[in-house]
Amino acid sequence: MSTLHTINKSPFDRNSLDSCLRVISDSDAILFIEDGVYAATAGTSFAKAVKAAANSHSVYVLGPDLSARGMKEDGIVEGVKVVDYEGFVDLVTEYDKVNSWL
Amino acid sequence: MAKKFMFVNRKAPYGTVYALESLEVVLISAAFEQEVALVFMDDGVYQLTKGQQTDGIGMKNFSPTYSALGDYEIKDIYIEKESLEARGLTLDDLQHLVWEDEDEDWAEKDSIHLVSSKELAAVMADQEVVITF
Amino acid sequence: MKLSIQINEGPYQHQAADSAYQFTKAALEKGHEIFRVFFYHDGVNNATRLAIPPQDDRNITQQWTELQKEHELDLVVCIAAAQRRGLLDEDEAKRQGKDANNIAEGFRISGLGQLIEAGIEADRLVVFGD
């Protein structure tokens, strides 16, 4: 069963990203939402880990949450794809289940 | 058809309400005859420590409730090894949770499975519904 | 698909309530069915009838009431969490001897079992929280 992992906290605030990466399976995807979108921005100390994750998994970031925070879509980590809420819904139906890291 | 439900606990007790209220959900789930698994990882492992005494903070000590999980047929409890080790804990620091197998003359068995991240990943991949708090 | 949503946080304090609303709206626009939206922990506070948020910002409770009306959604507030936090409907207030009730239109109070059922009956359960 494939899982869509959502991460809603900044990696500087919580260890959700680290924990998620410890137990993620090959066919799973990650979606950064809310304050989690900062993990998807380029140039942070987490960018390398996120880029590595994007090499082996589909990694997404919620565009509206990026914009809300003044982060530019062209300033995100290479390999991360931007989706809107409709895309979020599509991901939920595409993957077998959702694991919301809180 | 029973679904595989997993409840994930990643937060410490008392600092927030999640540990207490998630336990209430888990106990209710027993009435629905689904396949229930509990995961304790990150600070969630602290929920099971022995010797919790809450008089000084004026809050109810709900830790005895975990020992009732076996009576509710909640017997697949996974604890992530890496989370325990990072916190300097071993299974000895945690409550010993058991259940009684009626198919084996009510033999007492361990409910807790200490698993590595990799093993936990496999267990999580197998679930159908994940509820987090 | 049939989707269930769980909301763990109250309005304004955390983005969870907003994210859940935006997600639910998008799912409905895509033609999916929302089996249930279940409010747990502080999420029950989304159901207060008494909020007076600033006029120039969204009214979270009202948004849910309107969405519920338009799509006949099942918005369920957990009774245990609601009792703890003082969120009552008329019956509960009477039963518990309280002098007022405060639940908003479109929400109903029920047991935790409704959350488990929401997970059983839907194809997907999405949790929004802290």
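Remember, predicted model here, so these are calculated numbers, not experimental data.

Asker: How do you make sense of the packing of helix H1 (residues 16–29) of chain C against helix H2 (residues 60–71) of chain C when you look at a structure like this?
Answerer: Packed helix pairs are specified by the crossing angle of their axes together with the interaxial distance, meaning the distance between the axes. All names here are of chain C. One can describe the packing of H1 onto H2 by two numbers: an axis separation of 11 Å at closest approach and a directional angle of 20 degrees. By the angle between their axes, H1 is roughly parallel relative to H2. For H1 against H2, the interelement crossing comes out left-handed. Counting all contacts with H1, which are made through Ala17, Asp18, Tyr21, Thr24, Lys25 and Leu28, the residues of H2 involved are Ile60, Gln63, Trp64, Leu67 and His71. For the contact of H1 with H2, the class distribution of residues is 6 nonpolar, 3 polar and 2 charged.

Asker: Is there a simple way to think about the nonpolar core in this case?
Answerer: Across soluble globular proteins, you tend to see nonpolar side chains buried next to one another. In terms of nonpolar packing, the biggest core is built from 105 residues, with A:Phe32, B:Val39 and C:Val77 touching the most fellow members. Top element by residues in this core is H1(C). It accounts for 6 residues. Beyond its immediate chain neighbours, meaning those up to four positions away, C:Val77 contacts C:Phe39, C:Val44, C:Ala47, C:Ala82, C:Leu87, C:Phe107, C:Arg108 and C:Ile109.

Asker: What is the right way to read helix H1 (residues 16–23) of chain A from this model?
Answerer: A turn of α-helix holds 3.6 residues, and therefore any two residues three or four places apart point the same way. Inspection of H1(A) places A:Ser16, A:Leu17, A:Ser19 and A:Val23 among the buried residues, and these make up the whole buried set. Viewed along the axis of H1(A), the buried residues span an arc of 165 degrees, placing them on a single side of the element. In this structure, the buried residues of H1(A) make contact with strand E1 (3–7) and strand E5 (97–101) of chain A together with helix H3 (117–125) of chain B.

Asker: Explain the sheet that holds strand E3 (residues 76–80) of chain B to me, please; I cannot follow it from the model alone.
Answerer: The pairing of strands in a sheet happens through backbone hydrogen bonds and is either parallel or antiparallel. Residues and elements named next belong to chain B. Pairing in this open sheet of 5 strands is parallel, and the strands run E6-E3-E2-E1-E7 from one edge to the other. Each edge of the open sheet is held by one strand with a lone partner, namely strand E6 (112–115) and strand E7 (129–132). Going from strand to strand, the sheet's axes swing by 25 degrees on average, the running direction of each strand aside. Strand direction decides the pairing type here: strand E2 (residues 35–40) and E3, joined by 4 bridges, are parallel. The residue bridging Ala37 from the neighbouring strand is Asp76, located in E3.

Asker: How should the interface of chain B and chain A be read in this particular structure?
Answerer: Accessible area lost during the coming together of the parts is what is often quoted as the interface size. Across the contact, 16 residues belong to chain B and 14 residues belong to chain A. Breaking the side of chain B that touches chain A down by element, the ones donating at least two residues are H3 and E7 of chain B. By residue number, the principal contributor to the side of chain B that touches chain A is H3(B), which donates 5 residues. Residue composition of the side of chain B that touches chain A, grouped by class: 8 nonpolar, 3 polar and 5 charged.

Asker: Looking at this model, I keep getting lost on the interface of chain B and chain C. Mind explaining?
Answerer: Listed as interface residues are 16 residues of chain B and, on the opposing side, 15 residues of chain C. Where the side of chain B that touches chain C is concerned, the elements lending two or more residues are helix H1 (18–29) and E7 of chain B. Considering every element that reaches the side of chain B that touches chain C, the biggest residue donor is H1(B), with 6 residues. A class-by-class count of the residues in the side of chain B that touches chain C yields 10 nonpolar, 3 polar and 3 charged.

Here is what the cut-offs are and how they apply
- Residues numbered from 1 in each chain as written.
- Chains lettered and ligands numbered in written order.
- Predicted model: local features only at pLDDT ≥ 70, side-chain atom pairs only at ≥ 80, totals over all residues.
- Axes fitted to C-alpha atoms, helices over the stretch in contact; angles between N-to-C directions.
- Helix = DSSP H or I, 4+ residues; strand = E, 2+ residues; numbered from the N terminus.
- Parallel < 35°, antiparallel > 145°, perpendicular 65-115°, else oblique.
- Left-handed = near helix turned anticlockwise from the far one by under 90°.
- Contact = placed C-beta atoms within 7 Å.
- Nonpolar A, V, L, I, M, F, W, Y, C, P; charged D, E, K, R; others polar.
- Core = buried A, V, L, I, M, F, W, Y, C linked by C-beta atoms within 7 Å.
- Buried ≥ 20, exposed ≤ 12 C-beta atoms within 10 Å, placed from the backbone.
- Arc of directions from axis to C-beta.
- Pairing = 2+ DSSP bridges.

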